Amino acid sequence: MDLFNNLIFGFGVALSFQNLFYCFVGVLVGTLIGVLPGIGPLGTIAILLPITYSVSPVAAMIMLAGIYYGAQYGGSTTAILVNLPGETSSVVTCIDGYQMAQQGRAGPALAIAALGSFFAGTVGTLLIALFGPPLADVALKFGAPEYFSLMLMGLVAAAVLAQGDMVKSISMVVAGLLLGIVGTDINTGTQRFSFGIFELTDGIGFIVVAVGVFAVGEIIANLGDNQQRRVLSAKVSNLFPTMQDLKQSFWPVVRGTGIGCFFGVLPGTGPAIASFSSYMVEKKLAADPDRFGKGAIEGVAGPEAANNADAQCKFIPMLTLGLPASGVMALMLGALTIQGIQPGPQVMTQRPELFWGLIASMWIGNLMLVVLNLPLIGLWVKLLQVPYRLLFPAIMAFSAIGIFSVNNSSFEIHLTALFGVFGFICMRLGFPMAPMLLGFVLGPMMEEYLRRAMLMSGGDPSVFVTRPISAVFILATILILVVMIAPAVRKRREAFTD
Amino acid sequence: MNLEFLERKDFWSGLMLIALGGGAVFIARNYQFGSSLRMGPGYFPIILGGALVMFGVYFLIQGLRAGAEKLEGSWSLRALIILPLSLVLFGLLIDRAGFIPAMLALIIGSATASTQFKLVEVLVFAVFMTAMCVIVFVWALGLPYELITGIW
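**Q** How should the overall build of chain B be read in this particular structure?
**A** When you go through chain B residue by residue, the secondary structure sums to five helices and zero strands. Over its C-alpha atoms chain B spans a radius of gyration of 24 Å, topping by over 25% the 15 Å that the globule rule assigns to 152 residues. By principal-axis analysis of the C-alpha atoms, chain B measures approximately 55 × 50 × 25 Å. Every one of the 152 residues in chain B was classed for burial, and the buried ones make up 41%. Taking all contacts inside chain B whose residues are at least 6 apart in sequence as the whole, residues at least 24 apart take part in 63%. Accessible surface computed for chain B: about 8000 Å², of which carbon and sulfur atoms make up 71%. Across chain B, the 9 positively charged side chains and the 8 negatively charged ones have centroids separated by 7 Å.

Now the structure itself:
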């Protein structure tokens, strides 16, 4: 049993004292920012990236992953208790979760959310362990044309499936690719877009872009919106769900997990789409759909499982192919690169401790969350009372320290300010920012693969369609574009966005 | 003349993309373009810049059509100006005056971006946060910053 041995090896890595500690820190910080509205996992991971420089790559990845799925848990806590979705993925949880809390059943709602998420997390972890190695084996045979086509497909899919205007997403991907070009061209040594500024000869820092757009830009946008706080209305008394609750939740959790895993491996679909779909399915399947919106436990169980499964399965393309399927995964990829690890299928064979350790730590982290979340609910609720007017200056301070600690360069601080303004303007004009980050991360690699592919084929672009694997990716890219432009799907997309 | 299009999202989106893409092509025109066999440093940026201009023109036309979506939401001008400026201030101060002045300026400065700004509360909070950061980042994690340049 290869899988079995590998998992045992992974648990050996994840259970070391240092890695357990970083896993704990990760899920704790993740839950914290999940509870707090106005700062999401993207911004937090970007701010905390510099801290991970000094630790081992395994510990760094374990902590960042913990922040990511911890945020999903935290987001649902506030959704249920105060009708305030901490993350976009828990918007759906508000509908029935808050109703349950109003009826004095906040405890069971929270418990089911946690247990459902744990189940989904376990399945997601197993899926990565099962499908990771064979996928990586296939990917090891890829040459430059295959990689280029794969990245093209990933970027197009991410842009097209993301919420909002499709053409705007694609424009942002292109803008990101352009940003990635800044710096010294590795083939000729030509300075590109560096304006004679010394700090730009190495390219724009990944963290500068991420923190600028997702922390500073986000805060500017938040300050424009109304800052009102909702008061806690429900008391959490009895945590334990009844037998009836468990029975009612079982199949929704299983279905939600399936839905989440499906959307999880698709690039560009955020956990919000997974949880929304799961809610729709449960409502359709229910014998009495009238109960939904009035505190139906299925409406909490399914979506919560779905968003956690989605979060977990997003790791599959990132770990095996080096292809980020979402903004957070682009950050993870950046973290790997910063640690000096070239992302891609070779990670699994060259750094098995990284791959299996991370997988095992995800399961441990999910377990920690169940244990951590339920007893600490009182603490999380208190945290909600920290007013945003004090929260955001603190975030600004951490952002500045984080960026400055990388190169001790005040130029990068100023550049971050610039990206904050740029990010805010883009958001207000309706441009999604995650696709830009994907383009920015993949840009330099894509250019390099394109060059190599062209050298290989003697300048003949047909190489992308004559090599079978590459042809499949190109075909899939065209298919995605055609399907999404079709009028019927377009209409449904608009309904989704609403 | 009807200037209603100035309020439309897509009009401004188009302008922004055209400026970005056009700027990229303009700068990259000096880089060697090469051929598709041996792509020069100018090849990729010019193609990408061209694509951005194309998307920009598309949005510009969309924006000029009647009934296009209008700009909405607050532009939070106050935050849009104050937050980047306080970051710039941090950058200037940390090189010249040290970690403590830079942190205080950043926290107090950015706090004024909120419409619910309360002076005393923010002052106390800023001192507390700065002290925490000195303890955690400079003393515990050992980041090599001068606390107050020339003195500490």
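Still more ground to cover, so stick around.
**Q** Help me out: how do you make sense of the interface of chain A and chain B in this one?
**A** Contacts between the two partners involve 60 residues from chain A, matched on the other side by 63 residues from chain B. Taking both sides of the interface into account, the surface hidden between chain A and chain B amounts to around 5400 Å²; carbon and sulfur atoms contribute 78%. The interface formed by chain A and chain B includes two salt bridges. For aspartate 10 of chain B, the salt bridge goes to lysine 168 of chain A, with nearest N and O atoms at 3.0 Å. On the surface where chain A and chain B come into contact, there are nine residue pairs in polar contact (both at pLDDT 80 or more). Every element with two or more residues in the side of chain A that touches chain B is listed here: helix H8 (166–181), strand S2 (191–192), helix H9 (206–224), helix H18 (388–407), helix H19 (410–428) and helix H20 (434–457) of chain A.

**Q** For this particular structure, what's the right way to read the nonpolar core?
**A** Burial of nonpolar side chains together is a common tendency in soluble globular proteins. By size, the foremost hydrophobic cluster in this structure holds 191 residues, and its most contacted members are Phe315 of chain A together with Phe99 of chain B. With 14 residues, H9 of chain A is the largest single contributor of residues to this core.

**Q** Mind showing me how you'd approach the confidence of the model for chain B here?
**A** Any region with low pLDDT has predicted coordinates that should not be read closely. Residues and elements named next belong to chain B. A residue-level look at chain B finds 93% of positions with pLDDT of 70 or above and a mean pLDDT of 84. Mean pLDDT across the elements of chain B bottoms out in helix H5 (residues 119–140) (87) and peaks in helix H4 (residues 99–111) (91). For this predicted complex, the interface confidence comes out at an ipTM of 0.91, alongside a pTM of 0.80.

**Q** Even after reading the chapter, I still don't get helix H1 (residues 9–28) of chain B, so can you show me in this structure?
**A** One turn of an α-helix holds 3.6 residues; hence residues three or four places apart share an orientation. For H1 of chain B, which comprises 20 residues, the first-to-last C-alpha distance of 29 Å matches the rise-based estimate of 28 Å (1.5 Å per residue) to within 8%. Those residues of H1 of chain B that fall on the buried side of the exposure criterion are Lys9, Asp10, Phe11, Ser13, Gly14, Met16, Leu17, Gly21, Ala24 and Ala28 of chain B. The inward-facing, buried residues of H1 of chain B abut H8 and H19 of chain A together with helix H2 (43–64) of chain B.

**Q** How do you make sense of the confidence of the model for chain A when you look at a structure like this?
**A** Counting all residues, the mean pLDDT for chain A is 81, and 91% of those residues have values of 70 or more. Across chain A, the secondary-structure element scoring lowest on mean pLDDT is helix H23 (residues 487–497) of chain A, at 54, and the one scoring highest is H19 of chain A, at 91.

**Q** Looking at this structure, how should I read a nonpolar patch on the surface?
**A** Residues and elements named next belong to chain B. Judged by side-chain polarity, Phe128, Met132, Ile135, Val136, Trp139 and Leu141 come together as a nonpolar surface patch covering roughly 610 Å² of accessible area. Along the chain, the position of leucine 141 falls in the segment after H5. In this structure leucine 141 comes out as exposed when scored by relative accessible area, which is 52%.

**Q** Which parts of the structure should I look at to understand the environment of proline 41 of chain B?
**A** By secondary structure assignment, the location of proline 41 of chain B is in the loop between H1 and H2. Separated by 10 residues in sequence, proline 41 of chain B and tyrosine 31 of chain B place their C-alpha atoms 6.0 Å apart. Beyond its immediate stretch of four places on either side in the chain, proline 41 of chain B contacts Asp185, Thr188, Thr190, Arg192 and Arg451 of chain A together with Tyr31 and Gln32 of chain B.

**Q** Even after reading the chapter, I still don't get unusual backbone geometry, so can you show me in this structure?
**A** The bulk of non-glycine residues show a negative phi, and the bulk of peptide bonds are trans. Residue and element names in this part refer to chain A. Even without being a glycine, asparagine 408 presents a positive backbone phi close to 50°. With respect to the helices and strands, the residue asparagine 408 is situated in the loop between H18 and H19. On the accessibility criterion, asparagine 408 (38% relative accessible area) is partly exposed.

**Q** What exactly am I supposed to notice about empty space enclosed by the protein here?
**A** It is a probe the size of a water molecule, rolled over the atoms, that shows where empty space is left. All names here are of chain A. This structure, assessed with the given rule, holds one cavity of 30 Å³ or more. Empty space within the largest cavity amounts to approximately 60 Å³. Every residue along the wall of the largest cavity is listed here: Tyr73, Ser76, Thr77, Leu110, Ala113, Ala114, Asn373, Leu374 and Ile377. Per-class residue counts for the lining of the largest cavity are six nonpolar, three polar and no charged.

**Q** Whenever I open this one, the packing of aromatic side chains confuses me. Can you help?
**A** Each pair of aromatic rings is reported with the distance of its centres and the angle of its planes. For the coordinates displayed, the defined rule picks out 21 aromatic pairs over all chains. On the numbers, 5.1 Å between centres and 75° between planes, the contact of phenylalanine 250 of chain A with tryptophan 251 of chain A is edge-to-face. A centroid spacing of 5.2 Å and a plane angle of 70° characterise the contact between tyrosine 58 of chain B and phenylalanine 59 of chain B, whose relative ring orientation is edge-to-face. Tyrosine 58 of chain B gets classed as partly exposed once you look at its relative accessible area, which sits at 34%. By relative accessible area, phenylalanine 59 of chain B is classed as buried at 1%. In this structure an aromatic cluster arises from ring pairing among Phe142, Tyr147, Tyr449 and Phe473 of chain A. One cation-aromatic arrangement involves lysine 168 of chain A over phenylalanine 59 of chain B; the distance from NZ or CZ to the ring centre is 5.4 Å. A cation over an aromatic ring shows up here: arginine 29 of chain B above the ring of phenylalanine 26 of chain B, its NZ or CZ 4.0 Å from the ring centre.

**Q** Help me understand the pattern of salt bridges, please; the structure alone is not making it clear to me.
**A** One pass over the structure, following the stated rule, counts 12 salt bridges over all chains. For glutamate 447 of chain A, the salt bridge goes to arginine 192 of chain A, with nearest N and O atoms at 2.9 Å. You can see glutamate 447 of chain A sitting in helix H20 and its partner arginine 192 of chain A sitting in strand S2, a full 255 residues away along the chain. Between arginine 389 of chain A and glutamate 121 of chain B there is a salt bridge whose closest N-O contact spans 2.7 Å. Here glutamate 121 of chain B lies in helix H5 and arginine 389 of chain A lies in helix H18, a pairing that spans two chains. Shared partners join several salt bridges into a network, and the residues in it are Arg192, Glu447 and Arg451 of chain A.

Basis of the calculations
- Residues numbered from 1 in each chain as written.
- Chains lettered and ligands numbered in written order.
- Predicted model: local features only at pLDDT ≥ 70, side-chain atom pairs only at ≥ 80, totals over all residues.
- Heavy atoms only, no water.
- Helix = DSSP H or I, 4+ residues; strand = E, 2+ residues; numbered from the N terminus.
- Rg over C-alpha atoms; globule rule 2.2 N^0.38 Å.
- Buried < 20%, exposed > 50% of the residue type's maximum accessible area, 1.4 Å probe, protein only.
- Contact = heavy atoms within 4.5 Å.
- Areas by Shrake-Rupley, 256 points an atom, 1.4 Å probe, with all protein chains shown as cover.
- Lys, Arg positive; Asp, Glu negative; His and termini not counted.
- Charge placed at Lys NZ, Arg CZ, Asp CG, Glu CD.
- Buried area = accessible area lost by both parts, 1.4 Å probe.
- Salt bridge = Lys/Arg side-chain N within 4 Å of Asp/Glu carboxyl O.
- Polar contact = N/O pair within 3.5 Å; in protein donor to acceptor, adjacent residues only side chain to side chain.
- Core = buried A, V, L, I, M, F, W, Y, C linked by side-chain atoms within 4.5 Å.
- pLDDT = per-residue confidence, 0-100.
- Expected span 1.5 Å × (residues − 1).
- Patch = residues over 30% accessible without salt bridge, like charges linked within 9 Å, V, L, I, M, F, W, Y side chains within 5 Å.
- 1 Å grid on protein atoms, 1.4 Å probe; cavity = no way out; pocket = protein on both sides within 12 Å on 5 of 7 lines; lining within 4 Å.
- Points joined across faces, edges and corners; volume = space filled by probe spheres on them.
- Nonpolar A, V, L, I, M, F, W, Y, C, P; charged D, E, K, R; others polar.
- Phe/Tyr/Trp six-rings, centres within 6.5 Å; stacked < 30°, edge-to-face > 60°.
- Lys NZ or Arg CZ within 6 Å of the ring centre and 35° of its normal.

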